[in-house]
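The residues making up each chain are set out below.
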Amino acid sequence: MVKSLEKLQTEFQKVTPKSFNEWNNNKKILPGGVIKGAYFSSPYPIYIEKAEGCKLFDIDGREYIDFSNHHTAMILGHSHPAVIQAVKDAVNNGLALSAPSILEGQIANEFIKRFPSIDQIRYTNSGTESSITAARMVRAITGKSKIAKFAGNYHGFNDSLEFNLAVTENVNSGSEYIKPTPAWDGMPEHGEKNIIILPMNDPETVEMIVRENQNQLAAIFFDGKPGILDIPIEFTQFLRRLTSELDILFVMDEVISFRSSHTGYQGISGVEPDISIFGKIVGGGMPVGAIGGTSKFMKILDNSGHPTGLSQSGTFAGNHVTLAAGLATMKNLTPKVYAHLDKLREQLHNGIINIFDDTNIPCKVVSKGSIVNAYITNKPITDFETIASSNQELWDRIMLSLLLRGIYARDGMGFVLSEPMREIDIQILLENLKDILDEK
Ligand code: PMP
């Protein structure tokens with residue numbers, strides 16, 4: 001049953017000597033040997049030479065099926081011809097244009113077509129920048145200082161929101177309130193005074209806390225985590241009703257969940273948020289973030305007449321290469337593509353369940369759209385406490401075993417599907433998974 005970590009790490013080092021050397025040398029000049037914190041580093045990353053379709057090719061000459069999809073961003077796969085052509089055309093016109101291009105209106109229309117909740121859009125450089133701006137927007141619009149977010153939800157490395165990322169630790173005894181806990185050292189002192197942490201999928205407690213704080217609460221930020229958590233859409237609908245009733249803004253984080261359908265998670269849940277934030281797929285592989293909403297709220301960013309008191313900026317925000325890649329991606333991201341991804345997801349979801357059913361290892365599979373997560377536990381995955389209760393040590397060994405067999409799914413987001421995948425790719429994953437569970 002699944003090789004030991006030591007055995008797997010030794011095998012890994014044997015087949016990836018060039019990646020090991022690269023990382024080892026870079027440790028002197030890059031913290032942790034890597035240029036950013038988000039790369040999976042256990043035991044060390046593989047270095048990629050080329051990415052094409054759903055395949056990655058590393059510097060040791062190995063090939064992988066990419067179930068990580070650059071942190072979920074590359075839904076059309078790598079090097080999609082239309083996206084690459086759009087980028088080439090944009091680059092041929094210059095790298096940064098000193099003024100707007102006509103791509104701005106074109107990409108805005110792609111959002112407006114899909115989302116009834118959006119009639120204006122603003123671009124940023126990342127999901128994080130979008131959530132930072134959205135946090136300022138909701139405070140400026142409402143004149144209220146507090147924001148509520150859900151325990152475990154990540155909205156980028158935003159000082160206003162980066163609290164209680166893992167388990168809902170420190171529930172105060174005798175109270176339903178969850179103690180706000182900054183995720184990291186170095187966050188501003190007293191930041192927790194302006195944040196309220198809500199329990200996921202617990203409408204009674206959420207309602208009690210939100211009603212008690214309605215006069216200070218500017219907004220609730222929410223990510224439904226489709227494919228990661230198993231939360232009924234009724235919970236999202238309840239949040240919309242509650243926030244509408246109490247005049248609290250509802251911000252939906254669609255940075256990942258836009259993957260879940262042609263109209264995002266708001267389409268699936270039938271909910272129109274006041275403000276949506278985006279990232280990842282809307283930049284087609286280039287650095288990106290976006291904020292959308294109706295002009296009622298977006299006008300706070302309109303400083304073309306009288307200053308509103310809130311400005312959003314960024315040297316490279318909405319740069320035309322990003323817009324070109326994003327536009328080509330959104331145009332090619334048709335309902336047909338989502339239907340194809342849905343089919344592959346079902347195949348993978350059912351396949352994992354069948355494999356684990358034949359073992360004595362418990363497993364819960366959660367999936368939606370093009371994301372599939374498996375957890376080594378018996379418990380339904382309805383919040384981050386149940387995720388934390390799954391056997392991470394065993395799962396890490398399974399993932400490293402898959403990596404050794406050419407299946408790349410290394411950034412903690414589960415198995416992320418992309419358009420170039422076919423049934424055979426899912427089958428290869430499943431066959432390897434089955435073998436791994438039987439391995440000595
Ligand atoms: N929101 C969610 C739900 C995310 O998953 C992420 C990043 N994984 C972000 C926001 C931040 O986006 P970025 O990494 O582009 O800053």
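Computed from a predicted structure; not experimentally measured.

Visitor: Residues and numbers for the overall build of the chain, please.
Guide: Across its full length, the chain holds 15 helices and 14 strands. For the chain, whose C-alpha radius of gyration is 22 Å, the value lies close to the compact-globule estimate of 22 Å for 440 residues. Seen along its three principal axes, the alpha-carbon backbone of the chain occupies a region of about 65 × 65 × 45 Å. Evaluated residue by residue, the chain yields a buried proportion of 53% over its 440 residues. For the chain, the accessible surface area stands at approximately 19400 Å², while carbon and sulfur atoms represent 51% of it.

Visitor: Can you tell me about the sheet that holds strand 12 (residues 371-375), naming the residues and giving the values?
Guide: The three strands are arranged 11-12-14 in an open sheet whose pairing can be described as antiparallel. Looking along the sheet, the strands with just one partner apiece sit at the ends: strand 11 (364-368) and strand 14 (415-416). Bridge count between strand 12 and strand 14: two bridges; the pairing is antiparallel. Residue pairing in the sheet places Val 372 in a bridge with Phe 415 of strand 14.

Visitor: I'd like a rundown of the domain arrangement of the chain, residues and numbers included.
Guide: For the chain, the assigned domains read domain 1 (5-75 + 335-438) and domain 2 (81-332). With 28 residues of domain 1 in contact, the opposing surface of domain 2 contributes 29 residues. Taking both partners together, domain 1 and domain 2 bury about 2200 Å²; carbon and sulfur atoms supply 64% of that area. Scanning the region where domain 1 abuts domain 2 turns up zero salt bridges. Breaking the side of domain 1 that touches domain 2 down by element, the ones donating at least two residues are helix 3 (69-72), helix 12 (335-357), strand 11, strand 12 and helix 13 (384-388). Per-class residue counts for the side of domain 1 that touches domain 2 are 17 nonpolar, eight polar and three charged.

Visitor: Outline the site of the ligand, listing residues and values.
Guide: Neighbouring the ligand are the residues Ser 126, Gly 127, Thr 128, Tyr 154, His 155, Gly 156, Asp 223, Asp 253, Val 255, Ile 256, Lys 280 and Met 413. One of the backbone N or O atoms of Tyr 154 is found 3.4 Å from a nitrogen atom in the ligand. When the free accessible area of the ligand is taken as 390 Å², the share hidden by the protein chains comes to 83%. Class assignment of the residues belonging to the shell around the ligand gives a composition of four nonpolar, five polar and three charged.

Visitor: Quick one: what's the story with the packing of aromatic side chains, residue by residue and with numbers?
Guide: Summed over the entire model, instances satisfying the criterion amount to 18 aromatic pairs. Ring geometry for Phe 222 against Phe 250: centres 6.0 Å apart, planes inclined by 25 degrees, an arrangement best described as stacked. Of this pair, Phe 222 sits in strand 7 (residues 217-222) while Phe 250 sits in strand 8 (residues 249-253), and the two are 28 residues apart along the sequence. Like Phe 222, the residue Phe 250 is buried in the burial classification.

Visitor: Explain the nonpolar core to me, using residue names and the numbers behind them.
Guide: By size, the foremost hydrophobic cluster in this structure holds 62 residues, and its most contacted members are Phe 67, Phe 111, Val 282, Ile 352, Phe 356, Ile 398 and Phe 415. Elements represented by at least two residues in this core include exactly helix 4 (81-92), helix 5 (103-114), strand 4 (120-124), helix 11 (320-332), helix 12, strand 12, helix 14 (392-404) and helix 15 (423-438). In terms of residues, this core owes the most to one element, helix 12, which gives eight residues. Counting residues domain by domain, this core receives three or more from each of domain 1 (5-75 + 335-438) and domain 2 (81-332). Residues within four places of Phe 111 in sequence aside, it is in contact with Ile 118, Ile 121, Tyr 123, Phe 278, Val 282, Ala 290 and Met 330. Ile 196, Leu 217, Phe 235 and Phe 250 belong to the second largest nonpolar core, which has 33 residues in total.

Visitor: Any chance you could break down the sheet that holds strand 3 (residues 63-66) for me, citing the residues and the numbers?
Guide: Overall, mixed pairing links the four strands, which are arranged 1-2-3-13 in an open sheet. At either end of the open sheet lies a strand with only one pairing partner, and these are strand 1 (48-52) and strand 13 (407-408). As judged from the four bridges shared by strand 1 and strand 2 (residues 55-58), these two strands associate in the antiparallel manner. Looking at the pairing, Glu 52 lines up with Lys 55 of strand 2.

Reading the values: the criteria
Residues numbered from 1 in each chain as written. Predicted model: local features only at pLDDT ≥ 70, side-chain atom pairs only at ≥ 80, totals over all residues. Heavy atoms only, no water. Helix = DSSP H or I, 4+ residues; strand = E, 2+ residues; numbered from the N terminus. Rg over C-alpha atoms; globule rule 2.2 N^0.38 Å. Buried < 20%, exposed > 50% of the residue type's maximum accessible area, 1.4 Å probe, protein only. Areas by Shrake-Rupley, 256 points an atom, 1.4 Å probe, with all protein chains shown as cover. Pairing = 2+ DSSP bridges. Domains from an automatic or database assignment. Contact = heavy atoms within 4.5 Å. Buried area = accessible area lost by both parts, 1.4 Å probe. Salt bridge = Lys/Arg side-chain N within 4 Å of Asp/Glu carboxyl O. Nonpolar A, V, L, I, M, F, W, Y, C, P; charged D, E, K, R; others polar. Near = heavy atom within 4 Å. Polar contact = N/O pair within 3.5 Å; in protein donor to acceptor, adjacent residues only side chain to side chain. Phe/Tyr/Trp six-rings, centres within 6.5 Å; stacked < 30°, edge-to-face > 60°. Core = buried A, V, L, I, M, F, W, Y, C linked by side-chain atoms within 4.5 Å.

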